[in-house]
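The primary structure of each chain is shown beneath.
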Amino acid sequence: MSITRPHGFRASGVTAGLKSSGRDIALIVNDGPSHSAAAVFTSNRVAAAPVLWSAQAVSDGRADAVVLNSGGANACTGPDGFVDAHHTAEHVGEALGLSAQDVLVCSTGLIGERLRMDLLLPGVDEAAASLADDEAAGAAAAEAIRTTDSVSKTSEASGPGFTVGGIAKGAGMLAPGMATMLAVITTDAEVAPDALDTMLREAVRVSFDRADSDGCMSTNDTVVALASGAHPEAGTHDEEELRAALTEVCRDLAAQLIADAEGAAHEIAITTVGAATEEEAEAAGRAVARSNLFKTAIFGGDPNWGRILAAVGTTDVEFDPTTIDVAVNGVWICRAGGIGDDRSGVDLSERRVEVTVDLKSGDAEATILTNDLTHDYVHENSAYST
């Protein structure tokens, strides 16, 4: 599975020395014939320089290339950091014969330090020289954007007239406005920029925006979608099928991010049903996902449903505390806001945990993905910059 599986794309991943080990620069190029692009960025008001550059560059609905680096976020670096992002785009443009305005820039790593441009720019040259359209090239790009990720993340879906491929990175600071996360989605469908933008935003809303590892929002979140129109049957696809495939890839990548969350022992899906609206279902589930008491209980193997109810009770969503039900891994341990089935029947020995909250207020539902809070998470993030 690779971003180079769709026709019309080349990629590479190389080692420039920006981080202590491994590949750290990825380059993805859309060879067309179409160059439609869309992107969704962090909603954090402290946005990194590459976010500011890329939001400006993609505003016309076109992008020919995306360059991504790990080993430095280029965030909170002031005007000089923006110049570095601009210079990076210019360097890619010069190497590939493209306009800098059609090059998107993404960075991830430690906040508050300038990038080593003396390492990054030669790395861009190497990445440009290494571009290929095979699966190994896509895998190298996925590897190059890793930071604290233990594995690279890739996904793929296809249908008549199109293929969709995707890569992502992220293992912590996972919260809406997406995650400390970079993702690139490619498709060889023929799709107009406005339509691609609509599809991407809806896909992100029900996928990356519902991955909430630790309630911390990054400065660098970026999800880019590129469409080449290079499929042999381009233009024949069904729009709803393409939309579904794009959403499937985003959901799969979001689930992989949560599965690889820093130090996590459990990956948890919190599904709120019976809500008055989808927004209220999301709000209730997110409150549970952000409860450190709930997350530590799951880490300790304790199906403490009282902590779930307490979290939902902090919201203003519509529900009656005397009718709400809660299940953990299929056991309804809370019924009508009180004691339900025997909690000893809940098995938390497996990594996957399913929580269901029934608000009994409507027919809307939403699922939030999160993870438990572990000793390893605290250790990794306490020592991140050292």
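Residues numbered from 1 in each chain as written. Predicted model: local features only at pLDDT ≥ 70, side-chain atom pairs only at ≥ 80, totals over all residues. Heavy atoms only, no water.

Colleague: Residues and numbers for the packing of helix 7 (residues 278-289) against helix 9 (residues 305-312), please.
Modeller: The N-to-C vectors of helix 7 and helix 9 enclose an angle of 130 degrees; their axes lie 8 Å apart at closest approach. Accordingly, the angle class assigned to the pair helix 7 and helix 9 is oblique. As for how helix 7 packs across helix 9, the hand of that crossing is right-handed. Where helix 7 approaches helix 9, its residues Ala284, Ala287 and Val288 are matched on the opposing element by Ile308, Ala311 and Val312. Its residues assigned to classes, the contact of helix 7 with helix 9 comprises six nonpolar, no polar and no charged. (Axes fitted to C-alpha atoms, helices over the stretch in contact; angles between N-to-C directions. Helix = DSSP H or I, 4+ residues; strand = E, 2+ residues; numbered from the N terminus. Parallel < 35°, antiparallel > 145°, perpendicular 65-115°, else oblique. Left-handed = near helix turned anticlockwise from the far one by under 90°. Contact = heavy atoms within 4.5 Å. Nonpolar A, V, L, I, M, F, W, Y, C, P; charged D, E, K, R; others polar.)

Colleague: How would you explain the side chain of Asp358 if you had to name every residue and give the values?
Modeller: Relative to the helices and strands, Asp358 is located in strand 14 (residues 352-358). Polar side-chain contacts of Asp358 include one of 3.0 Å to the backbone nitrogen of Lys360. If we skip the residues at most four places from it in the chain, Asp358 touches Val273, Gly274, Ile324, Asp325 and Trp332. (Polar contact = N/O pair within 3.5 Å; in protein donor to acceptor, adjacent residues only side chain to side chain.)

Colleague: Summarise the nonpolar core; cite the residues concerned and give the values.
Modeller: Core analysis: the largest hydrophobic core is formed by 52 residues, its most contacted members being Leu68 and Leu226. Among the elements that take part in this core, helix 3 (residues 117-129) stands out by supplying six residues, more than any other. Not counting chain neighbours up to four residues away, the residues in contact with Leu68 comprise Asp24, Ile25, Ala26, Ile28, Cys106, Ile145, Leu182 and Val184. Ala38, Ala157, Leu196 and Leu253 belong to the second largest nonpolar core, which has 32 residues in total. (Core = buried A, V, L, I, M, F, W, Y, C linked by side-chain atoms within 4.5 Å. Buried < 20%, exposed > 50% of the residue type's maximum accessible area, 1.4 Å probe, protein only.)

Colleague: For unusual backbone geometry, give the residues involved together with the corresponding values.
Modeller: Residue Pro33 is reached from Gly32 by a cis peptide bond, and omega for that bond is 25 degrees. By the secondary structure assignment, Pro33 is in the loop between strand 2 (25-30) and strand 3 (36-41). Residue Ala336 is not a glycine yet carries a positive backbone phi of 50 degrees. Mapping Ala336 onto the fold places it in the loop between strand 12 (331-335) and strand 13 (338-339). When its relative accessible area of 45% is taken as the criterion, Ala336 is described as partly exposed.

Colleague: Lay out the packing of helix 5 (residues 193-205) against helix 6 (residues 239-259) with the relevant residues and their values.
Modeller: Closest axis-to-axis distance for the helix 5/helix 6 pair is 9 Å, and the angle between their directions is 40 degrees. Considering the angle they form, helix 5 stands oblique to helix 6. Helix 5 and helix 6 meet at a crossing whose hand is right-handed. Contacts between helix 5 and helix 6 involve Thr198, Met199, Leu200 and Ala203 from the former and Glu239, Leu242, Arg243, Leu246, Thr247 and Cys250 from the latter. Per-class residue counts for the contact of helix 5 with helix 6 are six nonpolar, two polar and two charged.

Colleague: Describe the pattern of salt bridges, and please don't skip the residues or the numbers.
Modeller: Evaluation of the coordinates by the stated rule reveals 26 salt bridges. Between Asp212 and Arg286 there is a salt bridge whose closest N-O contact spans 3.1 Å. With Asp212 in the loop between helix 5 and strand 9 (222-227) and Arg286 in helix 7, the pair connects residues that are 74 residues apart, well separated along the chain. Taken individually, Asp212 and Arg286 each receive the classification buried, so the pair is uniform in this respect. (Salt bridge = Lys/Arg side-chain N within 4 Å of Asp/Glu carboxyl O.)

Colleague: Please give an account of the sheet that holds strand 7 (residues 162-169) that cites residues and values.
Modeller: Strand order in this open sheet of five strands is 3-9-8-7-6, and the pairing throughout is mixed. At either end of the open sheet lies a strand with only one pairing partner, and these are strand 3 and strand 6 (153-159). Strand-to-strand twist of the sheet, defined as the mean angle between neighbouring strand axes without regard to direction, takes the value 10 degrees. In this structure, strand 6 lies alongside strand 7, joined through seven bridges in antiparallel fashion. (Pairing = 2+ DSSP bridges.)

Colleague: Before we move on, can you summarise helix 7 with the specific residues and values?
Modeller: With 12 residues, helix 7 should cover 16 Å at 1.5 Å per step; its first-to-last C-alpha distance of 16 Å lies within 8% of that length. All of the buried residues in helix 7 are Ala281, Glu282, Ala284, Gly285, Arg286, Ala287, Val288 and Ala289. Of the surrounding secondary structure, the elements contacted by the buried residues of helix 7 are strand 10 (267-275), helix 8 (292-299), helix 9 and strand 15 (364-371). (Expected span 1.5 Å × (residues − 1).)

By themselves, these figures tell us nothing about what the structure is for.
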